[in-house]
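Each chain, letter by letter, is given below.
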Amino acid sequence: MQAKAAQAWLTGQLADGNAVMVWPDRYQIGYWDLPEQLDGHGGHPVVVYAASGDQVYLDDRNLAPLTVARADLDRAVARVGSWKNQGLVITDRDRTPDVETAVREGLRDVVEHLSAKSDSFSLPAWRKWSRMMTNTKAAKAWPRVFADGQWLDLAMQGVREGVDARFGVTGGNLRPLFADFLEQAGHSGLAPQWREIAEMWHALGEMTEFAAMGKQLNALYEAETDAIARLKATTTA
């Protein structure tokens, strides 16, 4: 969706009283106070639920009302090409959701996505990352990229924020949240494995040695591949 069309659509949804999930770039949204080198690195979804003048109200785990300038929000959601100007209405008053169907289709989507061969957007990414932790020849290998130590602290901070709920918004790489979902969806037998995987992600966040991180990432690849196979067998039975 083009920027102006997306902005008009969001304005209309808020005017109708609907809340909308959007994916803003954390640097562009402003309130994270991130350095400029993180411009375009993306961010996690937040919910826009009201407008007041040139401000909008966001839900981003905040404990007090959070408002940002609408212009900042528009710029932030248009920044990252992978989810540019995307929005998901989550309180459409004109629809009655079919929860059972949504859950079933959601699980199938998870299985399909994480069973793909892509080493950028599916589980093979963990295996590739594992190799990059100790490879000394590949241009993007960590020992080469961070040979002089520059920006290594920021990279390690990014890993920890991504897997440790004490520092970021995706604790355990969201595996604990997925385990809760499985229990609520009637697949409680699968949940413990995902909680164990979550602890493996938490452990990764504590590591600083490249070799140890590579070993942990490979173990995560194997564990999650097995977990997805079990989920596939259950949801397609």
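You'll find the structure just up there.
Since the model is a prediction, treat every value here as computed from it, not as a measurement.

Colleague: For the packing of aromatic side chains, give the residues involved together with the corresponding values.
Modeller: Evaluated as defined, the whole model comprises nine aromatic pairs. Their ring planes at 70° and their centres at 4.8 Å tell us that Trp-126 and Trp-201 sit as a pair that is edge-to-face. Of this pair, Trp-126 sits in helix α5 (residues 124-132) while Trp-201 sits in helix α9 (residues 191-206), and the two are 75 residues apart along the sequence. By relative accessible area, Trp-126 is classed as buried at 18%. Since its relative accessible area comes to 1%, Trp-201 is described here as buried.

Colleague: Tell me what's going on with the pattern of salt bridges, and back it up with residues and numbers.
Modeller: Taken as a whole and assessed by the stated rule, the structure comprises nine salt bridges. For the salt bridge of Arg-104 with Glu-100, the shortest nitrogen-to-oxygen distance reads 3.8 Å. Of the two residues, Arg-104 and Glu-100 are both situated in helix α4 (residues 99-114); the distance of four residues between them amounts to about one turn of the helix. Residue Arg-104 is classed as partly exposed on the basis of its relative accessible area, which comes to 34%. The exposure class of Glu-100 is exposed, given its relative accessible area of 59%.

Colleague: Describe the layout of surface pockets, listing the residues and the values that go with them.
Modeller: Estimated volume of the second largest pocket: approximately 190 Å³. Classifying every residue of the lining of the second largest pocket gives six nonpolar, two polar and three charged.

Reading the values: the criteria
- Residues numbered from 1 in each chain as written.
- Predicted model: local features only at pLDDT ≥ 70, side-chain atom pairs only at ≥ 80, totals over all residues.
- Heavy atoms only, no water.
- Phe/Tyr/Trp six-rings, centres within 6.5 Å; stacked < 30°, edge-to-face > 60°.
- Helix = DSSP H or I, 4+ residues; strand = E, 2+ residues; numbered from the N terminus.
- Buried < 20%, exposed > 50% of the residue type's maximum accessible area, 1.4 Å probe, protein only.
- Salt bridge = Lys/Arg side-chain N within 4 Å of Asp/Glu carboxyl O.
- 1 Å grid on protein atoms, 1.4 Å probe; cavity = no way out; pocket = protein on both sides within 12 Å on 5 of 7 lines; lining within 4 Å.
- Points joined across faces, edges and corners; volume = space filled by probe spheres on them.
- Nonpolar A, V, L, I, M, F, W, Y, C, P; charged D, E, K, R; others polar.

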